Amino acid sequence: MSPEIFSLNTFTLLANVEVGKHLYWNLAGFLVHGQVLVVVWFVFLILFVFSLLGTANIKQIPHGWQNFMESCVDLVTDITKSQLGESFYKKWTPFIGTLFFFIFGSNWAGAVIPWKLIELPEGEFAAPTNDINTTVALALLTSLAYFYAGLSKKGVGYFKRYVRPLPLLLPINILEDFTKPLSLSFRLFGNVLADELTISVLTSLVPLLIPLPIMLLGIFAGSVQALIFSTLAGAYIAEALE
Amino acid sequence: MDSIVAAASVIGAGLSIGLAAIGPGIGQGTAAGQAVEGISRQPEVETKIRGVLLLSLAFMEALTIYGLVVALALLFANPFAN
């Protein structure tokens, strides 16, 4: 999509909200959103450092970082176990856990770090999940994952589930495969963007103190959205496995 | 942008959020009420109920967010802008 479409827009002048404005980079013929890429790699780095600190000096009795990371891993293991059950959860914990940590890290990186202090020629640093491309990528990965789960467990027999209760429901069952990633991506994208928009509109009206509760709500909503995304991914995979 | 298109987009954006907020509002109210009822009947499972309640509230909120996404598309990435 060409950048010109978004450029002239009177609405973006209201309240200094920058939606649909991006810092375009041309990487090997692909037009990428630079600000998203930078923050995504920042989140990768944070997660990498955290896991490195957690595993650097492993002891029998966990202490400090190791303790913290172990409780984080326990959290995602619990999410996976509650959706997939005892027999399958081990194989899918890495996937669901990565989704959870990445989305959680992205939402919090957008909400906690004052990115607005860094001026960009166009667009602004924010949570990577407020770009629909990021969330669609995550949602499509989830789709691929549950197809892989179903096909690897049942082979071609997996497609029997499309005519499962009644052959009449075939169109609805096929449609469901499209609505799942759609709702997953829109939910995450909309929630994160809604938080940032609310904050910037409120900040333009009353710059002091009033936006603070909304920011706290944004931090809370960010973690709940990460939980929901990973729970739903687990539920879809469990549905394909059963 | 054509002024008629702009006016229609703004009205449409307002309506899409407003209408999308009705259903989830009713749903969230019912869910929260039932959760309070459950907690008052069995205070010992409060943490469990709270977790499920928050999760289901977020699911309902997603419906309003779909309206928000439509509104944002109308305002910031309007396909009929030119």
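Below, the structure is looked at part by part. (Residues numbered from 1 in each chain as written. Chains lettered and ligands numbered in written order. Predicted model: local features only at pLDDT ≥ 70, side-chain atom pairs only at ≥ 80, totals over all residues. Heavy atoms only, no water.)

### Here we look at the pattern of salt bridges
Residue and element names in this part refer to chain A. Under the criterion given, the structure shown has five salt bridges over all chains. Put simply, D177 and R161 hold a salt bridge, and the shortest N to O gap is 3.7 Å. Pair noted here: D177 is in helix 6 (residues 170–205) and R161 is in the loop between helix 5 (132–154) and helix 6, with a separation of 16 residues, a long-range link. In this pair, the class of D177 matches that of R161, namely buried. Salt bridges sharing partners connect three or more residues here, namely R161, D177, K180 and E239. (Salt bridge = Lys/Arg side-chain N within 4 Å of Asp/Glu carboxyl O. Helix = DSSP H or I, 4+ residues; strand = E, 2+ residues; numbered from the N terminus. Buried < 20%, exposed > 50% of the residue type's maximum accessible area, 1.4 Å probe, protein only.)

### What to know about the packing of aromatic side chains
For any pair of aromatic rings, the description consists of the separation of the ring centres together with the inter-plane angle of the planes. Residue and element names in this part refer to chain A. A full pass over the atoms with the stated rule returns 18 aromatic pairs over all chains. With a centroid separation of 6.3 Å and 75° between ring planes, the pair formed by F50 and F68 is classed as edge-to-face. One end of the pair, F50, is in helix 2 (residues 34–55); the other, F68, is in helix 3 (residues 65–84), with 18 residues separating them in the sequence. Judged by relative accessible area, F68 falls into the partly exposed class, the value being 38%. Ring centres of F100 and F104 lie 5.7 Å apart, and the angle between their planes is 15°; this geometry places the pair in the stacked category. With a gap of four residues between them, F100 and F104 both fall in helix 4 (residues 89–112), about one helical turn apart. (Phe/Tyr/Trp six-rings, centres within 6.5 Å; stacked < 30°, edge-to-face > 60°.)

### Observations regarding the environment of F178(A)
Residues and elements named next belong to chain A. Of note, F178 is situated in helix 6. Residue classification places F178 among the exposed positions, given a relative accessible area of 60%. Through-space distance from the C-alpha of F178 to that of E122 is 33 Å; in sequence the pair is 56 residues apart.

### So, the interface of chain A and chain B
At the junction of the two partners, chain A supplies 21 residues and chain B supplies 16 residues. Note on chain A versus chain B: buried area summed over both sides is about 1600 Å², and carbon and sulfur give 81% of it. Our count for the chain A to chain B interface comes out at zero salt bridges. Applying the counting rule to chain A against chain B returns zero residue pairs in polar contact (both at pLDDT 80 or more). Breaking the side of chain A that touches chain B down by element, the ones donating at least two residues are helix 6 and helix 7 (211–241) of chain A. No other element matches helix 6 of chain A, which puts nine residues into the side of chain A that touches chain B. The class makeup of the residues in the side of chain A that touches chain B is 13 nonpolar, seven polar and one charged. (Contact = heavy atoms within 4.5 Å. Buried area = accessible area lost by both parts, 1.4 Å probe. Polar contact = N/O pair within 3.5 Å; in protein donor to acceptor, adjacent residues only side chain to side chain. Nonpolar A, V, L, I, M, F, W, Y, C, P; charged D, E, K, R; others polar.)

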